[in-house]
Amino acid sequence: MKLWGGRFETGPAELFERYSGSLDFDRKLFEADVVGSKAFANALCGVGILTAAERDKINAAFDGMLAEAGAPGYFDADDEDIHTFVIRKLGEEVGELAEKIHTGRSRNEQVATDFRLWMKAAIRRVQAQLEALMNSLLRLAERESDALLPGYTHLRRAQAVLFGHYLLAYFEMFVRDWHRMQQAYNRTDVLPLGSGALAGSGFAFDRGAMAADLGFAAISANSLDAVSDRDFALDFLYAASVAMLHASRLAEDWILYSSEEFGFLEIGDEVTTGSSLMPQKRNPDALELLRGKAGRVCGSLQALMMTLKGLPLAYNRDLQEDKEGVFDSAAQVTDSLAILALCVDSAELKRPAMEQAAEEGWVSATALAEILARKGIAFHRAHQIVGGIVLASVQQGKRPTEWTMDELRGFAPELDESALAALVPSNALENHQVPGGTATDRVREASAAARARLAGLARMSASEGARTT
Ligand code: ARG
């Protein structure tokens, strides 16, 4: 079935029908299309096109369709798109009456409405996964609250940090992702229905009532913009891309940390694989796949930006290309965050390796220089002195904690027992008492604050979810 055809002498080529058809992917919009059509039937009743009895008959048929849609083969059809499919199905239920449902409506506004409805639910799913991942990170931070990690810059050991401090860094990123998703949600939460094909519908619908019916916070202000705007999808793809970038950084860290070379942690059997050839292998495929998929999601953002570049107003069929990248990205980001949470839940730390790497890496050198600076030695000079101690260590094959008090005094008479203590990385990190720093008390406070922030996010999405469904 087609929703057009009167002014054509012959039909489209079979190749073109296949080329232009979208049912195999836009069937994801089925529920949104039916729910949107119910609200539209209400609006048609409001302007006198449908009687209340006709509206009820149509909406009962729509409810029946929603109930049946799970049946196998339900979507095996050759309709051009999901909107055509839904109207044909309606016709099978209510006969000729179905021909009134598209009065004063265009698929251009319909697809924009459906897409927004679908995305609002998808964004909530992503936010829920972000919350679950943040919860996993916090649980691990709490469980391993006194574990220590050599922090890196340039992938060279730099200063000791608490492992919890390291995990909370990712918590911050995922909180920002949650808020970016919320911004995308707010942009999506605007109803285009009533915009017609481009000029606004020829019928004076109560658009506010339609928005209330469908749980949208607002109605669009300009019909030309409403049918051709896909900024909300760009916003979502950007938010999804950034979340994937963050996830990929954690993945990369842990691919390294779980390697034989680092040996800082293990991730569980449930997220690792073996080799078909090499019996000893235990590969971090889950994290590698995630790292790979980050590129794919960023690619979808790029693709939609290119689709929109230079697109003349208003609706153009190019816009049909908006959906697959968004559907795919929503699935990839949701699953990737869930996989990452599994990895975090399964992590087993190897504390001795982390501590040894920290100590051997001279991560306490800065703390030592700062002890001298506190005693009134200019920092540049203190830096030189400690550099000399590190050099002597390297030359003599000595670990930092092998230096005696007398030997240290030989480098600088100002050095006292506090210097000996600072050579132990777990003491050195207590130097970082500044807000946002890695000292134990600061991390304990940050962890507790993170718990409260996470609870706040969950409350926010739950209450808004209730408003919009
Ligand atoms: N399938 C189209 C899309 O996804 C919606 C239909 C509008 N088609 C049209 N020729 N005006 O954008």
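Residues numbered from 1 in each chain as written. Predicted model: local features only at pLDDT ≥ 70, side-chain atom pairs only at ≥ 80, totals over all residues. Heavy atoms only, no water.

Q: Looking at this structure, I do not really get the overall build of the protein chain. What am I missing?
A: From N to C terminus, the protein chain includes 19 helices and six strands. A globule of 469 residues ought to have a C-alpha radius of gyration of about 23 Å, yet the protein chain, at 30 Å, is considerably larger. For the protein chain, the C-alpha atoms occupy an extent of roughly 100 × 50 × 40 Å along the three principal directions. Across the protein chain, contacts joining residues at least 24 apart in sequence account for 76% of those joining residues at least 6 apart. Put simply, the protein chain shows about 21,900 Å² of open surface, and 53% of that area lies on carbon and sulfur atoms. (Helix = DSSP H or I, 4+ residues; strand = E, 2+ residues; numbered from the N terminus. Rg over C-alpha atoms; globule rule 2.2 N^0.38 Å. Contact = heavy atoms within 4.5 Å. Areas by Shrake-Rupley, 256 points an atom, 1.4 Å probe, with all protein chains shown as cover.)

Q: What is the right way to look at the site of the ligand in this model?
A: Surveying the vicinity of the ligand reveals the residues Ser-22, Asp-81, Arg-107, Asn-108, Val-111, Tyr-315, Arg-317, Gln-320 and Lys-323. One nitrogen or oxygen atom from the side chain of Asn-108 is found 2.9 Å from a nitrogen atom belonging to the ligand. Protein contacts shield 87% of the accessible area of the ligand, which totals 340 Å² for the unbound molecule. (Near = heavy atom within 4 Å. Polar contact = N/O pair within 3.5 Å; in protein donor to acceptor, adjacent residues only side chain to side chain.)

Q: I'm lost on unusual backbone geometry in this one. Help?
A: Trans peptide bonds make up the majority, and among non-glycine residues the majority have a negative phi. Leu-313 connects to Ala-314 through a cis peptide bond whose omega is 0°. Even without being a glycine, Leu-155 presents a positive backbone phi close to 55°. For Leu-155, the location among the structural elements is in the loop between strand S1 (148–153) and strand S2 (156–162). Residue Trp-362 is not a glycine yet carries a positive backbone phi of 55°. With respect to the element layout, Trp-362 can be found in the loop between helix H13 (351–360) and helix H14 (365–374).

Q: Which parts of the structure should I look at to understand the state of the cysteines?
A: Each disulfide is one covalent bond, formed between the sulfur atoms of two cysteines. Counted under the stated rule, the structure contains zero disulfides. Cys-343 takes part in no disulfide bond, and the closest cysteine sulfur, belonging to Cys-298, lies 19 Å away. On the accessibility criterion, Cys-343 (0% relative accessible area) is buried. (Disulfide = S-S within 2.5 Å. Buried < 20%, exposed > 50% of the residue type's maximum accessible area, 1.4 Å probe, protein only.)

Q: Would you mind going over helix H6 (residues 107–143) with me for this structure?
A: Three or four residues apart is the spacing at which side chains of an α-helix point the same way, because the helix has 3.6 residues per turn. Relative to the 54 Å expected for 37 residues at 1.5 Å per residue, H6 spans 53 Å between its end C-alpha atoms, a close match to the ideal helical length. Where burial is concerned, most of H6 is hidden: 28 out of the 37 residues are buried. N-capping of H6 is provided by Ser-106, with a side-chain oxygen placed 2.8 Å from the backbone N of Asn-108. (Expected span 1.5 Å × (residues − 1).)

Q: Help me understand the pairing of S1 in this model?
A: Side-chain positions along a regular strand alternate between the two faces of the sheet. Bridge count for S1 against S2 is six bridges, and the pairing is antiparallel. Bridging from a neighbouring strand, Leu-148 pairs with Leu-162 of S2. Where S1 folds back onto S2 in an antiparallel hairpin, the turn is made up of two residues, including His-154, whose phi is positive at roughly 55°. (Pairing = 2+ DSSP bridges.)

Q: Even after reading the chapter, I still don't get the pattern of salt bridges, so can you show me in this structure?
A: It is possible for side chains bearing opposite charge to pair when their charged atoms get close. If you walk through the whole model with that rule in mind, you get 31 salt bridges. Arg-317 is the salt-bridge partner of Glu-80, the closest N and O atoms lying 3.8 Å from each other. Residue Glu-80 is found in the loop between helix H4 (52–68) and helix H5 (82–94), and its partner Arg-317 is found in the loop between helix H11 (285–308) and helix H12 (322–346); the two are separated by 237 residues along the sequence. Two residues, Arg-442 and Glu-445, come together in a salt bridge whose shortest N-O distance is 3.0 Å. Highlighted residues: Arg-442 and Glu-445, both in helix H19 (residues 440–468), separated by three residues, approximately one helical turn. Here the residues in one salt-bridge network are Glu-80, Asp-81, Arg-107 and Arg-317, joined through shared partners. (Salt bridge = Lys/Arg side-chain N within 4 Å of Asp/Glu carboxyl O.)

Q: When you look at the packing of H6 against helix H10 (residues 231–257) in this model, what are you seeing that I'm missing?
A: A pair of packed helices can be characterised by two numbers: the angle between their axes and the separation between those axes. It is the contact of H6 with H10, at a shortest axis distance of 11 Å, that shows an interaxial angle of 25°. Classified by the angle their axes make, H6 and H10 are roughly parallel. The interaxial crossing formed by H6 with H10 has left-handed handedness. Contacts between H6 and H10 involve Ala-112, Phe-115, Arg-116, Met-119, Ile-123, Val-126, Leu-137 and Leu-140 from the first element and Phe-232, Ala-233, Phe-236, Leu-250 and Trp-254 from the second. Residue composition of the contact of H6 with H10, by class: 12 nonpolar, no polar and one charged. (Axes fitted to C-alpha atoms, helices over the stretch in contact; angles between N-to-C directions. Parallel < 35°, antiparallel > 145°, perpendicular 65-115°, else oblique. Left-handed = near helix turned anticlockwise from the far one by under 90°. Nonpolar A, V, L, I, M, F, W, Y, C, P; charged D, E, K, R; others polar.)

Q: Explanation requested: the nonpolar core in the structure shown.
A: Inside soluble globular proteins, nonpolar side chains tend to come together where they are buried. Phe-30, Met-134, Phe-163, Tyr-166, Phe-174, Phe-236 and Trp-254 are the most contacted members of the largest nonpolar core, which totals 116 residues. Sequence-distant contacts of Phe-163, that is, excluding residues within four places in its chain, are made with Leu-140, Glu-144, Ala-147, Leu-148, Leu-149, Trp-254, Leu-265, Leu-349 and Met-354. (Core = buried A, V, L, I, M, F, W, Y, C linked by side-chain atoms within 4.5 Å.)

Q: Quick question: what am I supposed to make of H13 here?
A: Among all positions in H13, only Met-354, Ala-357, Ala-358 and Glu-359 are buried. Where the residues of H13 are buried, they touch S1, S2, helix H7 (163–188), strand S6 (348–349) and helix H18 (425–428). Just past H13, the residue Trp-362 takes up positive phi, approximately 55°.

Q: I tried to follow the packing of aromatic side chains on my own but got confused; where do I start?
A: Two numbers describe a pair of aromatic rings. These are the distance of the centres and the angle of the planes. Tallying each qualifying case throughout the model produces 20 aromatic pairs. Look at Phe-30 and Phe-75: their rings are 5.2 Å apart centre to centre, the planes differ by 80°, and that puts the pair in the edge-to-face class. One end of the pair, Phe-30, is in helix H3 (residues 30–46); the other, Phe-75, is in the loop between H4 and H5, with 45 residues separating them in the sequence. Take Phe-30 and Phe-75: they sit in the same class, and that class is buried. With 5.4 Å between their ring centres and 45° between their planes, Tyr-257 and Phe-264 make a pair best called tilted. Among the residues examined, Tyr-257 registers a relative accessible area of 5% and is labelled buried. A relative accessible area of 2% places Phe-264 in the buried class. (Phe/Tyr/Trp six-rings, centres within 6.5 Å; stacked < 30°, edge-to-face > 60°.)

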